[in-house]
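Survey of secondary and tertiary structure
Take a look at the letters that make up each chain.
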Amino acid sequence: ADCLLGLLSHDLSRFCLTIIFEFKQLERFLIANREDYLKHSQMNYTAEQKQYNNWLTERLLEVASQHNYEFDPDSFNFVAIRDRIRCYYKSYVQTARKRGLRVLPSKQKAKS
């Protein structure tokens, strides 16, 4: 979750409170889509993976809009937000591995 904190632009006086009350919607969205993201992440830069990542970013932006999130336009265009989503999942995988958990499904061998 740390990686997404920079996505939101907030007045500093209410920064902590807004993160507590509003940030959870984006995190819930990312958790709900984690398994599909990890599956697509194993496709190694295929068109399907790129299409999925763009779709996921668009959906995240929709969730953000529904909850009146505002992204800092000077710092976060579509590509930057997509990169932050990747960072969020990468951090999840690294933390899970440190704890000895298996998070990525084994790659399926192509049928002949």
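What counts and what doesn't
- Residues numbered from 1 in each chain as written.
- Predicted model: local features only at pLDDT ≥ 70, side-chain atom pairs only at ≥ 80, totals over all residues.
- Heavy atoms only, no water.
- Buried < 20%, exposed > 50% of the residue type's maximum accessible area, 1.4 Å probe, protein only.
- Helix = DSSP H or I, 4+ residues; strand = E, 2+ residues; numbered from the N terminus.
- Arc of directions from axis to C-beta.
- Contact = heavy atoms within 4.5 Å.
- Expected span 1.5 Å × (residues − 1).
- Salt bridge = Lys/Arg side-chain N within 4 Å of Asp/Glu carboxyl O.
- Axes fitted to C-alpha atoms, helices over the stretch in contact; angles between N-to-C directions.
- Parallel < 35°, antiparallel > 145°, perpendicular 65-115°, else oblique.
- Core = buried A, V, L, I, M, F, W, Y, C linked by side-chain atoms within 4.5 Å.
- Left-handed = near helix turned anticlockwise from the far one by under 90°.
- Phe/Tyr/Trp six-rings, centres within 6.5 Å; stacked < 30°, edge-to-face > 60°.
- Lys NZ or Arg CZ within 6 Å of the ring centre and 35° of its normal.

Turning to helix α2 (residues 34-41), a few remarks are in order. Looking only at α2, the buried set comprises Tyr37, Leu38 and His40. Take α2 and look down its axis: the buried residues cluster within an arc of 165°, on one side only. Of the surrounding secondary structure, the elements contacted by the buried residues of α2 are α3 (47-66) and α4 (78-98).

Turning our attention to α3. Compared with an ideal rise of 1.5 Å per residue, which puts 20 residues at 28 Å, α3 spans 29 Å between its outermost C-alpha atoms and is within 8% of the ideal. Along α3, the residues classified as buried are Gln49, Tyr52, Asn53, Asn54, Leu56, Thr57, Leu60, Val63 and Ala64. Positive phi shows up at Asn68, right after α3, with a value of about 60°.

Right, let's get into the pattern of salt bridges. For the structure shown, the criterion picks out 2 salt bridges. Across the salt bridge formed by Arg59 and Glu58, the nearest N and O atoms sit 3.7 Å from each other.

Glancing now at the packing of α2 against α4. In the contact formed by α2 and α4, the axes pass within 11 Å of each other and the chain directions differ by 90°. Overall, the two elements α2 and α4 adopt an arrangement that is roughly perpendicular. Within the contact between the two elements, α2 uses Arg34, Tyr37 and Leu38 and α4 uses Arg86, Tyr89, Tyr92 and Val93.

If you look at the biggest cluster of nonpolar residues, it comprises 22 residues, and the most contacted ones within it are Leu30, Leu56, Leu60, Ile85 and Tyr89. Put simply, the parts of the chain that give this core at least two residues each are α1 (15-32), α2, α3 and α4. Among the elements that take part in this core, α4 stands out by supplying 7 residues, more than any other. Among all residues touching Leu60, those that are not within four sequence positions of it are Leu26, Phe29, Leu30, Ile81 and Ile85.

Interaxial distance between α2 and α3 falls to 9 Å at its minimum, and their mutual angle equals 150°. Between α2 and α3, the angle is such that the two are roughly antiparallel. The element α2 and its partner α3 pack so that their crossing is left-handed. Along its contact with α2, which presents Asp36, Tyr37, His40 and Ser41, the element α3 presents Glu48, Gln49, Tyr52, Asn53 and Leu56.

This paragraph deals with the packing of aromatic side chains. Under the definition given, this model contains 3 aromatic pairs. Members of the aromatic cluster, connected to one another through ring pairs, are Tyr37, Tyr88 and Tyr89. Just above the ring of Tyr92 sits the side chain of Arg34; from NZ or CZ to the centre is 4.0 Å.

One non-glycine residue with positive phi stands out, namely Asn44, at about 50°. Following the sequence through the fold, Asn44 ends up in the loop between α2 and α3.

Now for the side chain of Gln49. Relative to the assigned elements, Gln49 resides in helix α3. Residue classification places Gln49 among the buried residues on the basis of a relative accessible area of 9%. If we ignore the near neighbours within four places in the chain, the residues touching Gln49 are His40, Ser41, Met43 and Asn44.

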